[in-house]
Each structure stands twice: as C-alpha cells, then as structure tokens.
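Structure at a glance
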Amino acid sequence: MEEIVVIKCGGSTMDQLPDSFFQAIASLQQDGKKLVIVHGGGPAINAMLDRVQITPQFVDGQRVTCEDTLGVVEMVLCGSINKALVRRLTQAGAKAWGVSGIDGQTIVAEKTGKPLGWVGEIRQVNAAIPHEILTQGYLPVIAPLSVSADGGNTYNVNADVAAGAVAAALGAKKLVMVTDVPGILDGSKALVQETNAQEIAAMIADEVITGGMIPKVQAALDALGQGVEQVVICKGTAEDLLAVCAGKEAGTTVRTRGGE
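Residues numbered from 1 in each chain as written. Predicted model: local features only at pLDDT ≥ 70, side-chain atom pairs only at ≥ 80, totals over all residues. Heavy atoms only, no water.

Within the protein chain one finds eight helices and 14 strands. For the protein chain, the C-alpha radius of gyration of 17 Å lies close to 18 Å, the compact-globule estimate for 260 residues. Overall size of the protein chain, expressed as C-alpha extent along the three principal axes, is 45 × 45 × 30 Å. The buried share among the 260 residues of the protein chain stands at 51%. Contacts spanning at least 24 positions in sequence make up 72% of the contacts within the protein chain whose residues lie at least 6 apart. (Helix = DSSP H or I, 4+ residues; strand = E, 2+ residues; numbered from the N terminus. Rg over C-alpha atoms; globule rule 2.2 N^0.38 Å. Buried < 20%, exposed > 50% of the residue type's maximum accessible area, 1.4 Å probe, protein only. Contact = heavy atoms within 4.5 Å.)

Here you go:
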C-alpha cells in the first residue's frame, strides 16, 4: 500500500507559508508521494467576523460557533481559504483538488454536547472521495466542515481534530501539523524534540501547553491511537516538510509512549 502523508496547515500560518513550502509539496507529489492537506483558517474567519461585527469566542482553544458564525466559517473555509491554497499549490506545480468534509459526507459528525454551538464531534470519515482524488493524481485539499448523518446540518470541526481523523481513516503513515511555532516548547521555551502522552498530560497540567496547542496535541494522540504511526508538529518550512517526509528529525515528534 502506498504511503499517505496528511499535512495539516494551520490558519495562522496561511499567509506566512513561503512559495518554497508549496514547491516542496509539488516536488514530493511529482516523486510519487500521496499527500493530503487539511486546513484551518482562524485569522481569516476572525477578520470576516470583525467585518460583520460578530465577536469571536473561544473555550479551551476551540471556537464557539453560533449560527451566524457558522455561515462565515463555511464561506471562508470552503471558499476563499480552500481556493487560495489550491491556487498556490497549482502555481507551484502541484495538482490540487479542493473539497470540504461536507462533500460526499466525507466527515460525518454529531453536534457536540460542549457549550460550543454548531461544532461537531466526528463520528465517521468516509475515505472514498480523498482516495479517488489521490487515484486521479491530485492532492485533496480538505476544509474541515462536517455534516450530520442525515445531511441536514453543517458543523464546524476543529481543523487539528479533522486532520487526525482523516489521517486515521486514510491509513496515513504520518500526520504533519504545520503551525506558526517550531513545535512544542518546554517551560524555558526550548523545542521538545520528542514527547508522549504522559509528558503531554504533565505539560498541560503545568500550563506549559495552553490555548490552541491543547486540541493540537490531543488530536495528535487520537491519531496515534487510531493507527497513524507518527505525528510531527513543526513550522511551515520546506526544510521541515522535506525532512519529515524523508524520515529525518524536525519539529516535535509525538509518540503514544516513551521508547516507541
């Protein structure tokens, strides 16, 4: 079975990702790597909410999504962000195909019981459409919106959580979480090169890991628990991406437990 690598591009990195990052993706694709991108869009969503005078709210690093916010999230993620990524990949020489988790019920979710509004908890990822896009020689670029089993409701899904679930459903060997920091930083702001579930729990308890990094590391551990072999949290550089895909060290590698 061909090795699949899922790359999660954080919304905060979108404007910062250099052309060389997309050129590296094109190069990997041309070398036969099967790549899938799942993206966020937080800052662009916040900017649009500001324009329509809706104040963003967050609980434990996750966006609270009221009905009006959901409309903005869908417009920004499935529209401007998704197509901007496809354009940049195409310009770099990659073959990219933009979709969302709503299309073909790729990501099926139920409304969360947490006080987050129209946010979904993923129940199933249908891998057929991403697999078909890969079979056609394209790179799927997936916006993390989800749909109810009956198709009647759309839910926002944390992009890190969506990336982990997609990676597991596709049988991906690696999940690369691209963010605006070099990886997990310890209490003295030094890079943690490798960590595991026990150490992560301690870092959350000690408030070394906070805010948006919490759902990121939890999604990493969930992906590992569902069979993904390696999760790397790293900065959005061509060097880091190429290193991870070549099996070399970059950013923070997350494993289920020490020594694995």
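The buried count for strand β13 (residues 230-235) comes to five of six residues, which makes it a mostly enclosed element. Sheet topology note: the strand β11 (residues 174-179)/β13 ladder contains six bridges and is parallel. When the sheet's bridge partners are listed, Met-177 is paired in β13 with Ile-233. (Pairing = 2+ DSSP bridges.)

Before going further, it helps to examine helix α4 (residues 128-135). Within an α-helix, residues lying three or four positions from one another point in the same direction, as the helix has 3.6 residues per turn. What α4 keeps buried is the set Pro-130, Ile-133 and Leu-134. Down the axis of α4, the smallest arc covering the buried residues is 100 degrees, so these residues share one side. Pointing more than 90 degrees away from the buried face of α4 are the exposed residues Ala-128 and Thr-135. Buried residues along α4 sit against β1 (4-9), β2 (34-39), β5 (96-100) and β8 (139-143). Gly-137, located one to two residues past α4, shows a positive phi value of around 90 degrees. (Arc of directions from axis to C-beta.)

To continue, consider the pattern of salt bridges. Scanning the model with the defined rule gives eight salt bridges in all. Here Asp-160 ties to Lys-8 by a salt bridge, and the two come within 3.0 Å at their closest N and O atoms. In this pair, Asp-160 is assigned in helix α5 (residues 159-169) and Lys-8 in strand β1, connecting sequence segments 152 residues apart. We note that Asp-160, like Lys-8, is buried. One salt-bridge network, held together by shared partners, links Glu-3, Lys-33 and Lys-173. (Salt bridge = Lys/Arg side-chain N within 4 Å of Asp/Glu carboxyl O.)

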